[in-house]
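# Structural description and commentary
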Amino acid sequence: MDIPRIILTVNLCFTILICTLLIVAVLKRRSWLMLPWVVLGIVLAIGLLISVLHTSITYYLDGMDHALIATCILIGGLIYLCIYLYLWAVVFSHYLDVRDEEERGRYRKAPYKR
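Read on for a plain summary of the structure.

So, how was this worked out
Residues numbered from 1 in each chain as written. Predicted model: local features only at pLDDT ≥ 70, side-chain atom pairs only at ≥ 80, totals over all residues. Heavy atoms only, no water. Axes fitted to C-alpha atoms, helices over the stretch in contact; angles between N-to-C directions. Helix = DSSP H or I, 4+ residues; strand = E, 2+ residues; numbered from the N terminus. Parallel < 35°, antiparallel > 145°, perpendicular 65-115°, else oblique. Left-handed = near helix turned anticlockwise from the far one by under 90°. Nonpolar A, V, L, I, M, F, W, Y, C, P; charged D, E, K, R; others polar. Buried < 20%, exposed > 50% of the residue type's maximum accessible area, 1.4 Å probe, protein only. Phe/Tyr/Trp six-rings, centres within 6.5 Å; stacked < 30°, edge-to-face > 60°.

### Quick notes on the packing of helix 2 (residues 31-62) against helix 3 (residues 67-104)
As a packed pair, helix 2 and helix 3 sit with axes 9 Å apart at the nearest point and diverge in direction by 165 degrees. When the axis of helix 2 is compared with that of helix 3, the two are roughly antiparallel. Crossing hand, helix 2 versus helix 3: left-handed. Partitioned by chemical class, the residues of the contact of helix 2 with helix 3 number 28 nonpolar, seven polar and two charged.

Structure follows, in structure tokens:
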């Protein structure tokens, strides 16, 4: 009975650690510190998609009484997934900018700004 609590606690601790790494990475402009959050973010998005689909399909198969709940879960979950993927794309874009900046040097002009 304590195993789910332990898993959730470890998950919460790692999430706090990785989010702290992301904040430090943004402040210090280090791409390698952002990488764990980027990887975890896409894995969580895939898990969220699977979870939303599984839950809504389960409710659809239970019977007609749960069709409204299943539809709400499906629509709400897909909206949440779209917002989450947008926010992940913002962080990933910043990660790519910082990585490119590290490769060419901070104060050197980008090739397209001549």
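### Notes on unusual backbone geometry
Trans is the common state for peptide bonds, and a negative phi is the common state for residues other than glycine. Backbone geometry at arginine 29 places phi at a positive 55 degrees, although glycine is not the residue there. The topology assignment puts arginine 29 in the loop between helix 1 (3-28) and helix 2. The exposure class assigned to arginine 29 is partly exposed, which follows from its relative accessible area of 25%.

### Some remarks on the packing of aromatic side chains
Evaluation of the coordinates by the stated rule reveals three aromatic pairs. Considering the side-chain rings of tryptophan 88 and phenylalanine 92, the 5.0 Å spacing of their centres and the 10 degrees angle between planes classify their relative orientation as stacked. Of this pair, tryptophan 88 and phenylalanine 92 both sit in helix 3, four residues apart, which is roughly one turn of that helix. Take tryptophan 88: its relative accessible area is 15%, and that puts it in the buried class. Residue classification places phenylalanine 92 among the partly exposed positions, given a relative accessible area of 28%. Through pairs of rings, three or more aromatic residues link up here, namely Trp88, Phe92 and Tyr95.

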